[in-house]
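Below are the chains, spelled out letter by letter.
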Amino acid sequence: MIPLRDSIPNVRPPYAVWAIMILNAAVFLFQLSLSQQGETQLTYLFGVVPARYTGFFESSWTGSPLWDIVPFFSYMFLHGGWLHFLLNMWVLWIFADNIEDVMGSGRFLLFYLLCGLAALALHIILNPASRVPIIGASGAIGGVMGAYLLLYPHARIVTFIPIIFIPYFIEIPAVIFLGFWFLTQLLSGLGTQMGAGEGGIAFWAHVGGFLAGMLLLKYFKLPARCVYCYNRTRKRYEQGG
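Computed from a prediction, not measured in an experiment: that's the story for all the values here. (Residues numbered from 1 in each chain as written. Predicted model: local features only at pLDDT ≥ 70, side-chain atom pairs only at ≥ 80, totals over all residues. Heavy atoms only, no water.)

Quick notes on the overall build of the chain
- Regarding its fold elements, the chain presents 10 helices and 3 strands.
- Its helices and strands taken in sequence order, the chain reads β-α-α-α-α-α-α-α-β-β-α-α-α from the N to the C terminus. (Helix = DSSP H or I, 4+ residues; strand = E, 2+ residues; numbered from the N terminus.)

Observations concerning the packing of helix H5 (residues 82–103) against helix H6 (residues 105–126)
- Interhelical geometry of H5 versus H6 gives an angle of 125° and a closest axis separation of 8 Å. Here H5 is positioned oblique relative to H6, judged by the angle of their axes. Crossing angle aside, the handedness with which H5 passes H6 is right-handed. Two secondary-structure elements touch here, H5 through Leu92, Ala96, Ile99, Glu100 and Met103 and H6 through Ser105, Arg107, Phe108, Phe111 and Tyr112.
- Here the contact of H5 with H6 is composed, by residue class, of 7 nonpolar, 1 polar and 2 charged. (Axes fitted to C-alpha atoms, helices over the stretch in contact; angles between N-to-C directions. Parallel < 35°, antiparallel > 145°, perpendicular 65-115°, else oblique. Left-handed = near helix turned anticlockwise from the far one by under 90°. Contact = heavy atoms within 4.5 Å. Nonpolar A, V, L, I, M, F, W, Y, C, P; charged D, E, K, R; others polar.)

Details of helix H8 (residues 174–194)
- Taking 1.5 Å of rise per residue, 21 residues should cover 30 Å, and H8 covers 30 Å from first to last C-alpha, within 8% of that figure.
- Buried within H8 we find Ala174, Phe177, Leu178, Trp181, Phe182, Gln185 and Gly189. Looking down the long axis of H8, one finds its buried residues gathered within 125° of arc, a one-sided arrangement. H8 presents Ile176, Leu187 and Met194 as exposed residues on the side facing more than 90 degrees away from its buried surface. (Expected span 1.5 Å × (residues − 1). Buried < 20%, exposed > 50% of the residue type's maximum accessible area, 1.4 Å probe, protein only. Arc of directions from axis to C-beta.)

Describing the packing of aromatic side chains
- On inspection of all chains with the given rule, the structure shows 14 aromatic pairs.
- When the ring of Phe111 is compared with that of Phe220, the centres are 5.8 Å apart and the planes differ by 65°; the resulting orientation is edge-to-face. Of the two residues, Phe111 is situated in helix H6 and Phe220 in helix H9 (residues 203–220); the sequence distance between them amounts to 109 residues. With respect to class, Phe111 is no different from Phe220; both count as buried.
- Aromatic side chains Trp181 and Phe210 sit 5.9 Å apart centroid to centroid with 35° between the ring planes, which places their arrangement in the tilted category. On the criterion of sequence distance, the pair formed by Trp181 in helix H8 and Phe210 in helix H9 is long-range, its members being 29 residues apart.
- With a relative accessible area of 2%, Phe210 lands in the buried category.
- What links up through ring pairs into an aromatic cluster is the set Phe95, Tyr148, Tyr152 and Phe177. (Phe/Tyr/Trp six-rings, centres within 6.5 Å; stacked < 30°, edge-to-face > 60°.)

Shown next as structure tokens:
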């Protein structure tokens, strides 16, 4: 299922979301300019290799404890290809503007980064010996989706569902769309955990980010702004705007 748009209009320009998307795009374009070897080195240097931080790897990459903290944040802005990048940015664009509305730009940026850190933490806990670097904004975006579920469970998500060669479009309540997405990530993570080898997708990071977004929302939303944004978006929605 691919979300195309939601029914909740944003009240204010999402400056923080724009900044995150621009930074992701700039980093991705830089990745494209590198050779295959250069991109691999970049991924291992600025992505997070769990075994490097859990003692399963013989040494850190840089030997500098301070520098080794950088990947905890830089991994959120690296992507493994066009599909990975475009899907992440598209989902961020659809859901994040409404979350920034109720938090403000500064709070939203901090919220986004903390969700990314929580996503990373769960991935490392459940994959301590992994030498595969984790990269991508999916965990942080999972936090945005978790917060959206609590704020707008009855929003409508216009969704594209490919059925063989027939494109199918349907409006799905956010609680069903996001709940289904979370369930698939959880089951996929359990399947990967019980299977042999490592999967190519960090499902547990998605789960960790989603749960973190739900837990952190109450600490980051501004109550007065929430009421204001809710009334404005409801009015615009009722008017078809």
